[in-house]
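This is what each chain is made of:
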Amino acid sequence: MTATLIFLALLMGAVVWWLLRQTFNVKPWVASAPSGAQQGVGFLAPPKVALGVLLAVITSLFALFVSAYSIRMELSDWRPLPEPGLLWFNTAILFVGSLGLQWAWRGAAREQWAAIRTGLVIGGGCALAFMAGQLIVWQGLVASGYLVASNPANSFFYVLTGLHVLHLLGGLVALARTSGHAKAGALVKTRLGVELCAVYWHFLFVVWLILFGLMLST
Amino acid sequence: MAQVAHDAVTDADLRPFEVAEEPLYHPKTFIGKYIWSQDAKVIAIQYGITAIGIGLVALVLSILMRLQLGFPESFSLIDPANYLQFVTMHGMIMVIYLLTALFLGGFGNYLIPLMCGARDMVFPYVNMVSYWVYLAAVLILVASFFVPGGPTGAGWTLYPPQAVIGGTPGTGAGIILMLISLCVFIIGFTMGGLNYVVTVLQARTRGMTLMRLPLTVWGIFMATVLALLAFPALFVSCIMMILDRLIGTSFFMPAMLAAGEQTAYDGGSPILFQHLFWFFGHPEVYIVALPAFGIVSDVLATHARKNIFGYRMMVWAIVAIGALSFIVWAHHMYVSGMNPYFGFFFATTTLIIAVPTAIKVYNWVLTLWRGNIQLTVPMLFAIGFIFTFINGGLTGLFLGNVTVDLPLSDTYFVVAHFHMVMAVSPVLVVFGAIYHWYPKMTGRMFDETLGKIHFWMTFLGTYAIYYPMHYLGFEGVPRRYYAYGETAFMSDSAQDLNAAISIAAIIVALAQLIFIYNVIKSLFSGKEAGHNPWKATTLEWQTPHTPPRHGNFDEDELPSVYRWAYDYGVPGAEQDFIPQNVPSEEMAAARGQGETKAES
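Note that the structure is predicted; figures quoted are calculated from it, not measured. (Residues numbered from 1 in each chain as written. Chains lettered and ligands numbered in written order. Predicted model: local features only at pLDDT ≥ 70, side-chain atom pairs only at ≥ 80, totals over all residues.)

### Let's talk about the overall build of chain B
Formally: For the purposes of this entry, the term helix denotes a DSSP run of H or I that reaches at least four residues, the term strand denotes a run of E that reaches at least two, and both are numbered from the N terminus. Put simply, the radius of gyration uses C-alpha atoms, and a globule should come to 2.2 Å times the residue count raised to 0.38. We call a residue exposed when 12 or fewer other C-beta atoms sit within 10 Å of its C-beta, buried when the count reaches 20 or more, and partly exposed for counts in between; the C-beta positions come from the backbone. Any residue pair is listed as a contact if its two C-beta atoms, each placed from the backbone, are within 7 Å.
What chain B contains, in helices and strands, is 15 helices and 4 strands. Relative to its length of 600 residues, chain B is compact, with a C-alpha radius of gyration of 25 Å against a globular reference of 25 Å. Dimensions along the principal axes, computed over C-alpha positions, put chain B at roughly 90 × 55 × 50 Å. Per-residue burial over chain B gives 56% buried out of 600 residues. Long-range contacts, defined here as pairs at least 24 residues apart, represent 80% of the contacts in chain B between residues at least 6 apart.

Quick look at the structure:
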């Protein structure tokens, strides 16, 4: 459970620190007229805060899987499976998708519609290509006899990659909505959507790096 | 006292939101208003009715269990398999589908926007979907009663390998439906939870600083944070167990013989499941307890006409309990054969978490001290909670110590402990909260006499049920047994005691009918409650309409908040309380001149 505990300790540390900062030197029993700065916290758009919270939840999910992985692999029946070279290619594709959305984000800040559209297409296209790549990897492994139930290392490989792809699919739904806004030329909504998608893509890329690194090293 | 000068605030001083607020969606049809509703208050009531409905099923299951235990061999329709299924479903429904859903989905939805001074949750549509996904989870769970083999009988902890392997009741479709239902519940909860957290963080009205939030909101907020981070552990274990059960992976399933034959499983770790389960399971205790703590604080302050003692300490205690609750989980696993140093660590953390919890208890008692205590029905339940929680908490100190836990593990002492601390205590708060906010939700008062009868029957009755169980536990009577027969360790009186417990349980269960009758009857014939029958300070009592309409507050302007939620018994004030949205006269006068001075 070390991985999970480290993640939670960091997160809880941040939460407690933030809360203490907000609450330490305050005298709640003193009445005063509201000042403008008190409304909301930093005036972030609620969807951005929501994405932050969602990423914490997803991190918790993957951290727990990583913990389970490291506990289970200590047992004697664990036999690592080969990592197909295609996974390196898929990693690169996912990285390009992340770059694409970063480009779209930059474009959105400067109201450059061409950059937004190209970036969105690159992000979405790379995500689809990544998923197709993962599917090919699975087929290859199944064909070589690495079935999901034949060894816990295999089981974890399929579960972790599958779960990662599912999260990417969820991201594609958001990306499709943002593309709709971009098509309609709604700048405010597009700007927010592109930013959220870009952050989510970067996040899933980092999650993939951690999972891939874990599977490579064991 | 500090004198803080504030400049008058004009709209120009306010930084605009990054994204313009979307106008509230106003439905026109009955279905849009009450079925596919996006109003948090309607969603709250939907959550409440569903949770209480499925909770009644679990109550009936517990009565069936008590009939068997009190009067063995008298009820032929309960066989050992049924008994285990009742135990399992009773536990799971009560903990997850009733208490978690009711506190967070029910009270969270109703109270967070109102108490923060918001028009609604920040994502009303997601909020609506959250309820319907929860309903789907409940229906999947209920469906498991009707599949061949029935629901799972693995105990609410669903420990493998016995949850999966033949011999345990409900290892067919029952366990699969249970696991799927839990996954669906967690997805639905995450949608709701995002809403609760972001609403508290971003949608508070002007002047509602974090340290002016009522403790109810603090409790629900921290419980939601815990749930968002802890439920993934249950999700992970459910997914892995579904795979073990359906496609034969060996995440948790060890090599074993079943009915004399070698199973296909090999090398899995049942202990891994226990770690994951309790990594969720212990924070779950506080997911249920923290909202109860918060609600009780507000009910006590309001009905004792006194400010809550040590508000800041109460807030920090909530945060500390939340953070600590993630490092005590293995105290549920002392008998799993863990390293003694591990046991020592978890016993220590368990005792440490008792410190902030005890601070809260002292502060509740000190709030009552020399208060103007009004023994209203909500207040009775709140005081009843303090008693019950102390009782249950103290037995927790016994069980938190490894050496005491080992002989008491899996006996009725444990059953008595957790029912006192996380079943009866939160349920008393649920009742207190419903009686407290009923006038706001419906615009009518409940019948006070019936409420008091309900309280005394429930409060005394639960003691009649659970006190004797401690004694049974000391005798070594094991839990989860269908029947005891002749044993060397059980005294003859133990069986009489079991019969008495069962009779008390039936009486308490029947007493709940009084509550349901009261709630329904008062809806039609209760006397008009007015806007603020309890003379409370928090914003939900200051709405222009009772019950509050969609949008909660005045159509043009949200309330501004000038003070904390605990200005009761203020010296020199016109009434003995000042609502949060009322500026003091000096402040209002100064504001009129363009300059505002705060008073202490």
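### What to know about the overall build of chain A
Within chain A, the secondary structure is distributed over 6 helices and 0 strands. In chain A, the succession of α and β elements from N to C terminus is α-α-α-α-α-α. Along the three orthogonal principal directions, the C-alpha set of chain A runs to about 70 × 45 × 20 Å. Going through the 218 residues of chain A one by one, you find that 39% of them count as buried. The contacts of chain A with a sequence gap of at least 6 include a subset with a gap of at least 24, amounting to 78%.

### What about unusual backbone geometry?
Residues and elements named next belong to chain B. Cis geometry marks the peptide bond from Pro160 to Pro161; its omega dihedral reads 0 degrees. Within the secondary structure layout, Pro161 lies in the loop between α4 (124-143) and α5 (173-202). For the bond from Thr546 to Pro547, the omega torsion is -10 degrees, close enough to zero to count as cis. Residue position: Pro547 is located in the loop between α14 (492-525) and α15 (585-592). A positive phi angle, near 55 degrees, is found at Arg370, a position not held by glycine. The class of Arg370 is exposed, set by 9 C-beta atoms lying within 10 Å.

### Description of the interface of chain A and chain B
A common way to report how large an interface is uses the accessible area buried once the components associate. Operational definition: Note on residue classes: Ala, Val, Leu, Ile, Met, Phe, Trp, Tyr, Cys and Pro are nonpolar, Asp, Glu, Lys and Arg are charged, and everything else, Gly too, is polar.
At the interface, 49 residues of chain A touch 64 residues of chain B. For the side of chain A that touches chain B, the elements supplying multiple residues, two or more each, are α1 (2-23), α2 (46-72), α5 (152-184) and α6 (187-217) of chain A. It is α2(A) that contributes the most residues to the side of chain A that touches chain B, 14 residues altogether. Taken together, the residues of the side of chain A that touches chain B sort by class into 35 nonpolar, 11 polar and 3 charged.

### Quick look at the packing of α5(A) against α6(A)
All names here are of chain A. Note the cut-off: Note on method: axes are straight lines fitted to C-alpha atoms, helices fitted across the in-contact stretch only, with angles between N-to-C directions ranging 0 to 180 degrees. Orientation categories follow fixed angle ranges, with anything under 35 degrees roughly parallel, anything over 145 roughly antiparallel, 65 to 115 roughly perpendicular, and all other angles oblique. By convention, the crossing between two helices is left-handed when the near helix turns anticlockwise from the far helix through less than a right angle, and right-handed when the turn is clockwise.
Where α5 contacts α6, the axes come no closer than 9 Å and their chain directions differ by 165 degrees. When the interaxial angle is binned, α5 and α6 end up roughly antiparallel. Two packed elements cross with a definite hand, and for α5 against α6 that hand is left-handed. The residue inventory of the contact of α5 with α6, partitioned by class, reads 16 nonpolar, 7 polar and 2 charged.

### Thoughts on the environment of B:Ala101
Residue and element names in this part refer to chain B. Tracing the backbone through its elements, the reader meets Ala101 in helix α3 (residues 80-116). With 28 C-beta atoms counted inside 10 Å, the residue Ala101 sits in the buried group. The sequence separation of Ala101 and Asn401 amounts to 300 residues, and the corresponding C-alpha distance is 31 Å.

### Quick look at the environment of B:Leu257
All names here are of chain B. Positionally, Leu257 belongs in strand β2 (residues 257-258). Classification of Leu257 as exposed rests on a count of 9 C-beta atoms within 10 Å. For the pair formed by Leu257 and Ile165, sequence separation is 92 residues and the distance between their alpha carbons is 9.8 Å.

### Thoughts on the domain arrangement of chain B
Operational definition: Residue ranges assigned to the domains are those given by an automatic or database domain assignment.
Under the domain assignment used here, chain B contains domain 1 (37-208) and domain 2 (551-600). Inter-centroid distance (C-alpha atoms) of domain 1 of chain B to domain 2 of chain B is 41 Å.

### Things to note about the nonpolar core
Residues and elements named next belong to chain B. What counts is decided by this rule: As used here, a nonpolar core is made of buried Ala, Val, Leu, Ile, Met, Phe, Trp, Tyr and Cys residues. They are joined through C-beta atoms within 7 Å.
Counting residues in each nonpolar core, the largest one holds 243 residues, and the members touching the most others are Val217, Ala223, Val296, Ile318 and Phe381. Here this core spans two domains, and each of domain 1 (37-208) and domain 2 (551-600) adds at least three residues to it. Ignoring anything within four residues of it in the chain, the contact list for Val296 reads Trp364, Ala382, Phe385 and Val429.

### A few points about α14(B)
Residue and element names in this part refer to chain B. Condition: Expected helix span is given by 1.5 Å per residue-to-residue step, counting one fewer step than there are residues.
If you check α14, its first and last C-alpha atoms are 50 Å apart, about what 34 residues at 1.5 Å a residue would give, namely 50 Å. Listed in full, the buried residues belonging to α14 are Leu497, Asn498, Ile501, Ala504, Ala505, Val508, Phe515, Asn518, Val519 and Ser522. On its buried face, α14 sits against α2 (40-70), α12 (412-442) and α13 (448-475).

### Quick look at the confidence of the model for chain B
Residues and elements named next belong to chain B. Cut-off, in case you're wondering: Each residue gets a pLDDT score, which is the predictor's confidence in that residue and runs from 0 to 100.
Averaged over every residue, the pLDDT of chain B is 91; residues scoring 70 or more account for 94%. A low-confidence stretch, residues 1-19 (pLDDT under 50), is modelled with 33 contacts involving residues beyond four sequence positions or located in other chains. Ignoring residues within four places in sequence, the model shows residues 594-600, a span with pLDDT below 50, making 29 contacts including any to other chains.

### Quick look at helix α4 (residues 113-143) of chain A
Helix length check: α4(A), at 31 residues, gives a terminal C-alpha distance of 45 Å against a target of 45 Å (1.5 Å per residue), a fit within 8%. At the exit of α4(A) stands A:Gly145, carrying a positive phi of roughly 90 degrees.

### Re the environment of B:Thr543
Residue and element names in this part refer to chain B. Within the fold, Thr543 resides in the loop between α14 and α15. Take Thr543: there are 19 C-beta atoms within 10 Å of it, and that puts it in the partly exposed class. Separated by 371 residues in the primary sequence, Thr543 and Gly172 place their C-alpha atoms 52 Å from one another. Not counting the four nearest positions on each side in its chain, Thr543 is found in contact with Pro548, Asn552 and Phe553.

### Looking at the packing of α2(B) against α4(B)
Residues and elements named next belong to chain B. Axis separation between α2 and α4 bottoms out at 10 Å; the angle between their running directions is 10 degrees. Classified by the angle between their axes, α2 and α4 sit roughly parallel to one another. Here α2 contributes Ala40, Ile43, Gln46, Tyr47, Thr50 and Ile54 to the contact with α4, which in turn contributes Asn127, Met128, Tyr131, Tyr134, Leu135 and Val138. Taken together, the residues of the contact of α2 with α4 break down into 9 nonpolar, 3 polar and no charged.

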